[in-house]
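Okay, here's what each chain looks like letter by letter:
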Amino acid sequence: MDSRMAELFGTGSGLKSGSQGLAAGSGNGFGMMSKKSTSKNGKKAKNRASRSTKPSNNPPYLPPEAEEGNIEYKLKLVSPTQYRFEHLVTQMKWRLQEGRGEAVYQIGVEDNGLLVGLSEEDMRASLKTLRRMAEKVGADITVLREREVDYDSDVPRKIAEVLVRKVPDDQQFLDLRVAVLGNVDSGKSTLLGVLTQGELDNGRGRARLNLFRHLHEIQSGRTSSISFEILGFNSKGEVVNYSESRTAEEICESASKMITFIDLAGHHKYLKTTIFGLTSYCPDFAMLVVGANTGIAGTTREHLGLAMALKVPIFIVVSKVDLCTKGTIERTVRQLERILKQPGCNKVPMVVSNADDAVTAAQQFAQSPSITPIFTLSSVSGESLDLLKVFFNILPPLSNSKEQEELMQQLTEFQVDEIYTVPDVGTVVGGTLYSGICREGERLVVGPTDEGKFLGLKVCSIQRNRSACRVLRAGQAATLALGDFDRSLLRKGMVMVSPEMNPTICWLFEAEIVLLFHAKTFRKGFQVTVHVGNVRQTATVECLRGKDELRTGEKAVVRFKFIKHPEYLKVGAKLLFREGVTKGIGHVTYLQPVSLYQHHP
């Protein structure tokens, strides 16, 4: 855990941290070079490149091809035999499975990563074969970029990077969740409105009106609740949102990849809502929006610290560039770069200025936790909006198919984040399926209640992104209709699990924590609001192991006791607590099950 993040919360205390330097060769874009290129083959390739007449900034190597993952190198695919073609198709199925429906093919590259390149004719024939292979597995291909390489040849040679994406079947599109963070008035909701509706803003907040859920939000122009927006891409990489009266159901039907934006509040008084969104909705990525005219103000630094504390990969969007001079924009970007490079962050900022940068940024970002792409754009003029769409289109999932399969084989566990009553449907709960598979008609138990019990219920129907769904898989967010189940028995923070599971519920638990910031000393009897996943409750500090008190930046094992009711927790879960200016992070190390604790209310 990186204890120097205390600096992001406004303390500036100098604590030691483990560096997260950029792993060499972590990406597969044309812009990075692997350490492994120092091998003998690499030396030969460098000699060949140096003999070439054309000067070049391109490295002669990519990192060697990995057996696992969704990236495949192919030197050329010219007129394969039928047997070879079938083998290539099987290989493509494997790569698509690894990338959960997406694969990237580097054409003109040897397996060891040497950039050989192909002539114009061979490249055309290779892309034609690749298109035939994709058709066979029910996928489409998009050429992301082509580039000339220097190789011992009089004929110009090219390499191509191609995205292969499966056409969705039975609603199993690739779904990535992006939490949107940033200071109040930085333009978060407006940017989402422009991205998802396809119409630029008028400079007075018209684009954000559809995102607001309450009258006071429309009147003040400030988000106070968590809202969701979706951006769909088809198998060819085109945005499917932009057509007349396109509903969520239609977007889901035609999308191969879906980006779900979780729009969080920027005002400091809604901080608990923002933290709940980050901890309970399990976002894959976080997008920090910074106004170019205001720079890093207010809660920007705090939101950056929260995302890093919860280990959510973060990228930055500098908005409102239409309001500023070029010098102001550069100053804001420099300010961001300085913060990202400081010891508490250890990030490598990467400013995206063209489509080529956007492709490289998407691939590097998902593979190295250190890379932080920075976009500068305007929701009014539309400047550089396309680069952000290219980035979202190519952004790969963090988990591979193997991890997904392992989660699906576990017992069902659904986290309850929202509770509604819908006319003619009854009680409906929204949340994320943490593990297992959930089907229509399945019987589960929900709890814990205030007495520490679990109650039986039946899942009547399931909806994902407002369209009906028969099967819900691990990692997916959805709403479940529970029929006439009494809504007053439910609350946020509960879980719905398989009856076979024996869930551990507790009043008392221990956690290893780092105190990020506290004005005085942190000691026994102090009360804090604890966030663990979708659990949010006030807890009392029962004792500090081996210490009487804690100061800013110090570590300790602390025993907490919930005040209102017992909760379902798991050892190893990330924990975040706050009270006024006091903030800390850590992870759960021990649970004392309810049955062993005699004196609970």
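Residues numbered from 1 in each chain as written. Predicted model: local features only at pLDDT ≥ 70, side-chain atom pairs only at ≥ 80, totals over all residues. Heavy atoms only, no water.

Caption draft 1: Representation of the pairing of strand β24 (residues 527–532). Summarising burial for β24: five of the six residues are buried, a large majority. Examined bridge by bridge, β24 and strand β25 (residues 535–544) share six bridges and lie antiparallel to one another. Bridging from a neighbouring strand, V532 pairs with V535 of β25. Following β24, the chain reverses through two residues before pairing antiparallel with β25; G533 in that reversal takes a positive phi of roughly 60 degrees. Of the pairings in the sheet, the one linking β24 to strand β29 (residues 574–579) comprises three bridges and is antiparallel in character. If you follow T529 over to β29, its bridge partner there is R578. (Buried < 20%, exposed > 50% of the residue type's maximum accessible area, 1.4 Å probe, protein only. Helix = DSSP H or I, 4+ residues; strand = E, 2+ residues; numbered from the N terminus. Pairing = 2+ DSSP bridges.)

Caption draft 2: Fine view of the packing of helix α2 (residues 82–98) against helix α3 (residues 120–137). As a packed pair, α2 and α3 sit with axes 9 Å apart at the nearest point and diverge in direction by 65 degrees. Judged on the interaxial angle alone, α3 and α2 are roughly perpendicular. When the axes of α2 and α3 are compared, the crossing they make is right-handed. Touching F85, E86, L88, V89, M92, K93 and L96 of α2 are T129, L130, R132, M133, A134, K136 and V137, all from α3. Split by residue class, the contact of α2 with α3 holds nine nonpolar, one polar and four charged. (Axes fitted to C-alpha atoms, helices over the stretch in contact; angles between N-to-C directions. Parallel < 35°, antiparallel > 145°, perpendicular 65-115°, else oblique. Left-handed = near helix turned anticlockwise from the far one by under 90°. Contact = heavy atoms within 4.5 Å. Nonpolar A, V, L, I, M, F, W, Y, C, P; charged D, E, K, R; others polar.)

Caption draft 3: Seen up close, the pattern of salt bridges. Considering all chains together, one arrives at 21 salt bridges under this definition. A salt bridge links K389 to D386, with the shortest nitrogen-to-oxygen separation between them at 3.9 Å. Linking K389 with D386, this pair stays in helix α11 (residues 385–394), spanning three residues, or about one helical turn. The class of K389 is buried, set by a relative accessible area of 17%. Judged by its relative accessible area of 54%, D386 falls in the exposed class. In this structure, R545 and E510 form a salt bridge, with 2.7 Å as the shortest nitrogen-oxygen distance. (Salt bridge = Lys/Arg side-chain N within 4 Å of Asp/Glu carboxyl O.)

Caption draft 4: Just empty space enclosed by the protein, in detail. In this structure the tally under the stated criterion is one cavity of 30 Å³ or more. Roughly 40 Å³ of volume is contained in the largest cavity. As for the largest cavity, its lining consists of L288, I296, T300, R301, L304, L336, I339 and L340. Going through the elements one at a time, α8 (300–309) and α9 (326–341) are the ones with two or more residues in the lining of the largest cavity. (1 Å grid on protein atoms, 1.4 Å probe; cavity = no way out; pocket = protein on both sides within 12 Å on 5 of 7 lines; lining within 4 Å. Points joined across faces, edges and corners; volume = space filled by probe spheres on them.)

Caption draft 5: Quick look at the layout of surface pockets. Considering only enclosed or pocket space, the second largest pocket measures out at about 800 Å³ in volume. Taken together, 33 residues make up the lining of the second largest pocket; nearest its centre are F228, Y420, N465, R466 and T479. When contributions to the lining of the second largest pocket are tallied by element, the ones reaching two or more residues are β5 (174–182), β6 (227–233), β12 (413–422), β13 (426–435), β17 (461–464) and β20 (477–481). For the lining of the second largest pocket, the leading source of residues is β20, giving five residues.

Caption draft 6: Broad picture of the sheet that holds strand β18 (residues 467–468). Read across the open sheet, the eight strands follow the order β16-β15-β21-β12-β13-β20-β17-β18; overall the sheet is antiparallel. Every interior strand has two partners, whereas the edge strands, β16 (455–458) and β18, have only one. Pairing of β17 with β18 involves two bridges; the strand directions are antiparallel. Pairing of Q463 across the sheet is with A468, part of β18.

Caption draft 7: Molecular detail of the packing of aromatic side chains. On inspection of all chains with the given rule, the structure shows 16 aromatic pairs. Taking 6.4 Å as the distance between ring centres and 75 degrees as the angle between the ring planes, the aromatic pair formed by F315 and F375 counts as edge-to-face. Separated by 60 residues along the polypeptide, F315 in strand β9 (residues 314–319) and F375 in strand β11 (residues 371–376) bring together distant segments of the chain. In terms of burial, F315 and F375 fall into one category: buried. Ring centres of F315 and F392 lie 5.9 Å apart, and the angle between their planes is 70 degrees; on these two criteria the pair is classed as edge-to-face. Of this pair, F315 sits in strand β9 while F392 is found in helix α11, placing the two residues 77 residues apart along the sequence. The buried category is assigned to F315, whose relative accessible area is 0%. Its end group placed over the ring of F85, R132 keeps NZ or CZ at 4.3 Å from the ring centre. (Phe/Tyr/Trp six-rings, centres within 6.5 Å; stacked < 30°, edge-to-face > 60°. Lys NZ or Arg CZ within 6 Å of the ring centre and 35° of its normal.)

Caption draft 8: Geometry of the pairing of strand β30 (residues 582–593). Sheet topology places strand β22 (residues 505–517) next to β30; 10 bridges connect them, and they run antiparallel. By the bridge assignment for β30, I513 is matched with G586. Where β29 lies against β30, six bridges are found, and the strand directions are antiparallel. Bridging from a neighbouring strand, L576 pairs with I585 of β30. Linking β29 back to β30 in an antiparallel pair, the connection comprises two residues, with G580 at a positive phi of about 60 degrees.

Caption draft 9: Local environment of the sheet that holds β9. If you walk across this open sheet you meet the seven strands as β6-β7-β5-β8-β9-β11-β10, and the pairing is mixed. Edge strands, defined here as strands with exactly one partner in the open sheet, are β6 and β10 (348–351). Looking at each pair of strands side by side, their axes are set apart by 25 degrees on average, direction ignored. Here α8 sits on the sheet and contacts β5, β8 (285–291) and β9; the angle it forms with β8, its principal contact strand, is near 170 degrees.

Caption draft 10: Focus on helix α10 (residues 355–367). With 13 residues, α10 ought to run about 18 Å at 1.5 Å a step, and its terminal C-alpha atoms sit 19 Å apart, in line with that. Turning to α10, its buried residues are A358, V359, T360, A361, A362, Q363, Q364 and F365. Structurally, the start of α10 carries an N-cap: the backbone nitrogen of D356 is 3.1 Å from a side-chain oxygen of N354. (Expected span 1.5 Å × (residues − 1). Polar contact = N/O pair within 3.5 Å; in protein donor to acceptor, adjacent residues only side chain to side chain.)

Caption draft 11: Geometry of the nonpolar core. F261, M287, F315, L388, F391 and F392 are the most contacted members of the largest nonpolar core, which totals 43 residues. Shared between two domains, this core takes at least three residues from each, and those domains are domain 1 (71–166) and domain 2 (174–398). Excluding its chain neighbours within four sequence positions, the residues that come into contact with F261 are V178, V180, L192, L195, T196, S227, F228, E229, L231, M287 and F392. Grouped together as the second largest cluster of nonpolar side chains are 38 residues, L288, I296, A307 and C345 included. (Core = buried A, V, L, I, M, F, W, Y, C linked by side-chain atoms within 4.5 Å. Domains from an automatic or database assignment.)

Caption draft 12: View of helix α4 (residues 188–197). Most of α4 is tucked away, with nine of its 10 residues classed as buried. For α4, the full list of buried residues reads K188, S189, T190, L191, L192, G193, V194, L195 and T196. The inward-facing, buried residues of α4 abut β5, β6, β7 (257–263), β8, β9 and α11.

Caption draft 13: Representation of unusual backbone geometry within the structure. With an omega dihedral of -5 degrees, the bond running from G447 to P448 counts as a cis peptide bond. Position of P448 among the secondary structure elements: in the loop between β15 (443–447) and β16. Even without being a glycine, N346 presents a positive backbone phi close to 55 degrees. As for its position among the elements, N346 is in the loop between α9 and β10. The phi angle at D424 is positive, at roughly 70 degrees, despite the residue not being glycine. Looking at the secondary structure, you find D424 in the loop between β12 and β13. Relative accessible area serves as the criterion here: at 86%, D424 is assigned to the exposed category.

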